[in-house]
Amino acid sequence: QVQLVESGGGLVQAGGSLRLSCAASGGTFRSLGMGWYRQAPGKQRELVAAITSGGSTNYADSVKGRFTISRDNAKKTVYLQMNSLKPEDTAVYYCAAAYFRMPTNQATYWGQGTQVTVSS
């Protein structure tokens, strides 16, 4: 069983930056594909960014060039660096994981979520 705990959310002004962290425990982190999803009020949960165990990445078009996903296998942690934040980035951000593939909306493991609010 894998447990995921997110941190780093908060309130930031438009144009600012935040870094989210997701610490994993249990399981074999180096074999996990990791990802960040977000859900805004009244909207469906959507992929933000994902990274495979080998380091390949995938981003939503809306965040390309602004967000960067990375992982530290020694610390069993995945990060999401968010720059040039916009009010439309406001959402609850969830960490997701799945063995041997990028996590989809049907990912095996989910964190509890962390709120990101971007003020205009």
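Quick summary incoming for the structure in this document. Predicted, not measured: the structure shown is a model, and the values here were computed from it.

### Focus on the environment of Cys 95
Inference 1: Among the structural elements, Cys 95 can be located in strand β9 (residues 91-99).
Inference 2: With relative accessibility at 0%, the residue Cys 95 sits in the buried group.
Inference 3: Spatially, the C-alpha atom of Cys 95 lies 13 Å from that of Phe 29, the residues being 66 residues apart in sequence.
Inference 4: The contact partners of Cys 95, leaving out residues within four places of it in the chain, are Leu 4, Glu 6, Cys 22, Met 34, Gly 35, Trp 36, Val 78, Tyr 109, Trp 110 and Gly 111.

### Things to note about the pattern of salt bridges
Inference 1: On inspection of all chains with the given rule, the structure shows 4 salt bridges.
Inference 2: Asp 89 is the salt-bridge partner of Arg 38, the closest N and O atoms lying 2.9 Å from each other. Taken together, the residues Arg 38 in strand β4 (residues 32-39) and Asp 89 in the loop between β8 (77-82) and β9 connect sequence positions 51 residues apart.
Inference 3: A relative accessible area of 1% places Asp 89 in the buried class.
Inference 4: Among the salt bridges present, the one from Asp 61 reaches Lys 64, with a minimum N-O distance of 3.1 Å.

### Here we look at unusual backbone geometry
Inference 1: Unusually for a residue other than glycine, Lys 76 sits at a positive phi of about 55°.
Inference 2: Topologically, Lys 76 is positioned in the loop between β7 (67-72) and β8.

### A word on the pairing of strand β3 (residues 18-25)
Inference 1: Bridge analysis of strand β1 (residues 3-7) against β3 gives 5 bridges, and the strand direction is antiparallel. The residue bridging Val 5 from the neighbouring strand is Ala 23, located in β3.
Inference 2: Pairing geometry for β3 and β8, over 6 bridges, is antiparallel. Bridged to Ser 21 within β8 is Tyr 79.

### Remarks on the sheet that holds β1
Inference 1: Read from one edge of the open sheet, 4 strands run β1-β3-β8-β7, paired in antiparallel fashion. Of all the strands in the sheet, the pair left with one neighbour each is β1 and β7. Averaged over neighbouring strand pairs, the angle between their axes works out to 15° when direction is ignored.

### Some thoughts on the state of the cysteines
Inference 1: Applying the stated criterion across every chain, the model contains 1 disulfide.
Inference 2: Across the disulfide, Cys 22 is cross-linked to Cys 95 (sulfur-sulfur distance 2.1 Å). Between Cys 22 and Cys 95, the S-S dihedral sits near -80°, and the bridge is therefore left-handed. Taken as a pair, Cys 22 in strand β3 and Cys 95 in strand β9 lie far apart in primary sequence, 73 residues in all. Like Cys 22, the residue Cys 95 is buried in the burial classification.

Each value, and the rule that gives it
Residues numbered from 1 in each chain as written. Predicted model: local features only at pLDDT ≥ 70, side-chain atom pairs only at ≥ 80, totals over all residues. Heavy atoms only, no water. Helix = DSSP H or I, 4+ residues; strand = E, 2+ residues; numbered from the N terminus. Buried < 20%, exposed > 50% of the residue type's maximum accessible area, 1.4 Å probe, protein only. Contact = heavy atoms within 4.5 Å. Salt bridge = Lys/Arg side-chain N within 4 Å of Asp/Glu carboxyl O. Pairing = 2+ DSSP bridges. Axes fitted to C-alpha atoms, helices over the stretch in contact; angles between N-to-C directions. Disulfide = S-S within 2.5 Å.

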